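Geometric and topological summary
The chain contents come next:
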Amino acid sequence: MVRFQDPSTDDDVLERDSSAEILFPEYAVEEWTSTPFEQLFVADDWENITEEHLLRKKVLKCGDVQVPRPTWGQEVTIMMQGVLEDRTVVEKDCKLVFVIGEGDVNQALEECVLSMQMGEITLLLADSQYAYGLLGREPDIPAWAPILYQLQLQDIRDKPDPLALPIADRIRIGNQKRERGNFHFQREEYSLAAMAYCVALEVLTTRSTDGSNVGTKAEEQEVQEYRVKCLNNLATTQIKLEQFNEALHTSRDVLTLEPNNVKALFRAGKLLSDKGEYKEAMEVLKKALKLEPATKAIHAELSKLVKRQSDGKDTQQWKAKPAEILGDNINPFLIPSKKKPSGISWKFILGALVVALSSLVTSVILTARN
């Protein structure tokens, strides 16, 4: 789970967040403690959040109707706890902060929060399609596992301007976003991963709202290192999404910050080679090889590039003859002729020599007998 604010250090909160304790003891209703999920998915007193009945809620405590519900792009704080059907606690947080629509949490929590009022406490039953799906979440959530949540909406606010945050907070938030991108990438959720990396890059900056630089030299160096990591991850994700031009642009952004970054050099060289820009690709890959001469992947890509250059050169030198020069019937020029070659065959000459020698031998034998 992504937490955008600093975790509370209050001893009471930490003690209350122990995994053995329920966060909502006054709402330990039957549905939460023992009812099979199959019954909850068809219960009449539950509300459908989605049309296919795969995401359902039951309000335990109404919220403040005077406060507007949250919307996409806003930041919210919730207290939540999630259990599997055997009531094993698999998710728990007293103060979970996330931005709706940025993939910080699973889709079930985002969709449910949009339907809640400030202060509302609700039960949320999420089919695995809205939770962790086929892959589950190692090591505690198995594949295709539905989850039952208890949650309370505690706060709603606009997403803070990253340029107004202290540099330390920007680095913390940027890294949380980058780690969330890594989580989505490992699950092959590449669009969500790309979004997370892009948001991280928006936060990882030392600029202020007026365009000036507000970071110290050490902070600038730290921010640049994290930006390079994000950009490299984003470029890899863009390749997975077959956004090759964008991946090349992102790789060049890495090289602007870190000219000797071998990962970016190799990626840029390969992308340039695939585009047919062989001269620039050769320069980039040679630079990567000079920095890491033992890397087999660079050698292999250079060999492939040399072959492509050779093939491309041969192709450019060969020119097809116009059809009008060959006449109407161009088949003989396209398909090799199967006719026998003209002229005296070597087999005929050999046969003649054999006949001549046989005649000579016969003459000698007859002469000797006479």
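Residues numbered from 1 in each chain as written. Predicted model: local features only at pLDDT ≥ 70, side-chain atom pairs only at ≥ 80, totals over all residues. Heavy atoms only, no water.

Attention now moves to a nonpolar patch on the surface. Taken together, the side chains of Leu134, Leu135 and Trp144 make up a nonpolar region of the molecular surface, amounting to roughly 350 Å² of accessible area. With respect to the helices and strands, tryptophan 144 occurs in the loop between strand S5 (121-126) and strand S6 (147-158). Tryptophan 144 sits in the exposed class, given a relative accessible area of 51%. (Patch = residues over 30% accessible without salt bridge, like charges linked within 9 Å, V, L, I, M, F, W, Y side chains within 5 Å. Areas by Shrake-Rupley, 256 points an atom, 1.4 Å probe, with all protein chains shown as cover. Salt bridge = Lys/Arg side-chain N within 4 Å of Asp/Glu carboxyl O. Helix = DSSP H or I, 4+ residues; strand = E, 2+ residues; numbered from the N terminus. Buried < 20%, exposed > 50% of the residue type's maximum accessible area, 1.4 Å probe, protein only.)

Now for unusual backbone geometry. In this model, glutamate 138 is joined to proline 139 through a cis peptide bond whose omega is 5 degrees. For proline 139, the position within the fold is in the loop between S5 and S6. You will see that arginine 87, though not glycine, has its phi angle at about 70 degrees, which is positive. With respect to the secondary-structure elements, arginine 87 resides in the loop between strand S3 (74-83) and strand S4 (89-99). The residue tryptophan 144 is not glycine, and still its phi comes out positive at about 55 degrees.

Turning our eyes to something else, we now look at the confidence of the model for the protein. Of all residues in the protein, 78% have pLDDT values of 70 or greater, and the mean over the chain is 85. Confidence over residues 1-20 falls short of pLDDT 50; this stretch has 50 contacts with residues more than four positions distant or in other chains. Low confidence marks residues 314-342, where pLDDT is under 50. Its contacts with residues over four positions away, or in another chain, come to three contacts. (pLDDT = per-residue confidence, 0-100. Contact = heavy atoms within 4.5 Å.)

Time to look at the packing of aromatic side chains. Here a ring pair, both rings aromatic, is described through the centre-centre distance and the interplanar angle of the planes. Summed over all chains, the structure comprises one aromatic pair. Residue placement shows arginine 137 over the ring face of tyrosine 132; its charged tip is 5.3 Å from the ring centre. (Phe/Tyr/Trp six-rings, centres within 6.5 Å; stacked < 30°, edge-to-face > 60°. Lys NZ or Arg CZ within 6 Å of the ring centre and 35° of its normal.)

Right, let's get into the pattern of salt bridges. Scanning all chains against the criterion turns up 17 salt bridges. Arginine 137 serves as the salt-bridge partner of glutamate 91, at 2.9 Å between the closest nitrogen and oxygen. Residue glutamate 91 is located in strand S4, and its partner arginine 137 is located in the loop between S5 and S6; the two are separated by 46 residues in the primary sequence. Glutamate 91 sits in the buried class, given a relative accessible area of 3%. Classification of arginine 137 as buried rests on a relative accessible area of 18%. With a closest N to O distance of 3.5 Å, lysine 275 and glutamate 277 form a salt bridge.

Here we come to the layout of surface pockets. In this structure, the largest pocket occupies an estimated 260 Å³ of space. Forming the walls of the largest pocket are 17 residues, and the residues nearest its centre are Val105, Asn106, Gln107, Ala131 and Leu192. Residue assignment for the lining of the largest pocket shows that the elements contributing at least two residues are helix H4 (107-114) and helix H5 (167-186). Looking at which element gives the most residues to the lining of the largest pocket, the answer is H5, with three residues. The class makeup of the residues in the lining of the largest pocket is six nonpolar, seven polar and four charged. (1 Å grid on protein atoms, 1.4 Å probe; cavity = no way out; pocket = protein on both sides within 12 Å on 5 of 7 lines; lining within 4 Å. Points joined across faces, edges and corners; volume = space filled by probe spheres on them. Nonpolar A, V, L, I, M, F, W, Y, C, P; charged D, E, K, R; others polar.)

Time to look at the sheet that holds S3. Taken together, the six strands give an open sheet; going across it, the order is S1-S2-S5-S6-S3-S4, and neighbouring strands pair in antiparallel fashion. Edge positions in the sheet fall to strand S1 (47-48) and S4, since each of these pairs with one other strand and no more. Both strand S2 (residues 55-61) and S5 contribute to a ladder of six bridges, which runs antiparallel. Note that in S5 the partner of lysine 57 across the bridge is leucine 124. (Pairing = 2+ DSSP bridges.)

Time to look at the pairing of S2. Pairing of S1 with S2, which is carried by two bridges, proceeds in the antiparallel orientation. Along S2, the bridge assignment pairs asparagine 48 with arginine 56. Following S1, the chain reverses through six residues before pairing antiparallel with S2; histidine 53 in that reversal takes a positive phi of roughly 65 degrees.

The next thing to look at is helix H7 (residues 217-240). Compared with the 34 Å implied by 1.5 Å per residue over 24 residues, the 35 Å span of H7 between its first and last C-alpha is a close match. Here H7 has its buried residues at Val223, Tyr226, Val228, Cys230, Leu231, Asn232, Leu234, Ala235, Thr237 and Gln238. Taken together, the buried residues of H7 touch H5, helix H6 (190-203), helix H8 (244-257) and helix H9 (262-275). Glutamate 242, located one to two residues past H7, shows a positive phi value of around 60 degrees. (Expected span 1.5 Å × (residues − 1).)

This part is about the environment of threonine 50. Inspection of the secondary structure assignment puts threonine 50 in the loop between S1 and S2. Linking threonine 50 and glutamate 111, residues 61 residues apart in sequence, is a C-alpha distance of 8.7 Å. Here threonine 50 is in contact with Leu55 and Tyr130, once residues within four sequence places are set aside. Side-chain polar atoms of threonine 50 contact the backbone nitrogen of leucine 55, separated by 3.5 Å. (Polar contact = N/O pair within 3.5 Å; in protein donor to acceptor, adjacent residues only side chain to side chain.)

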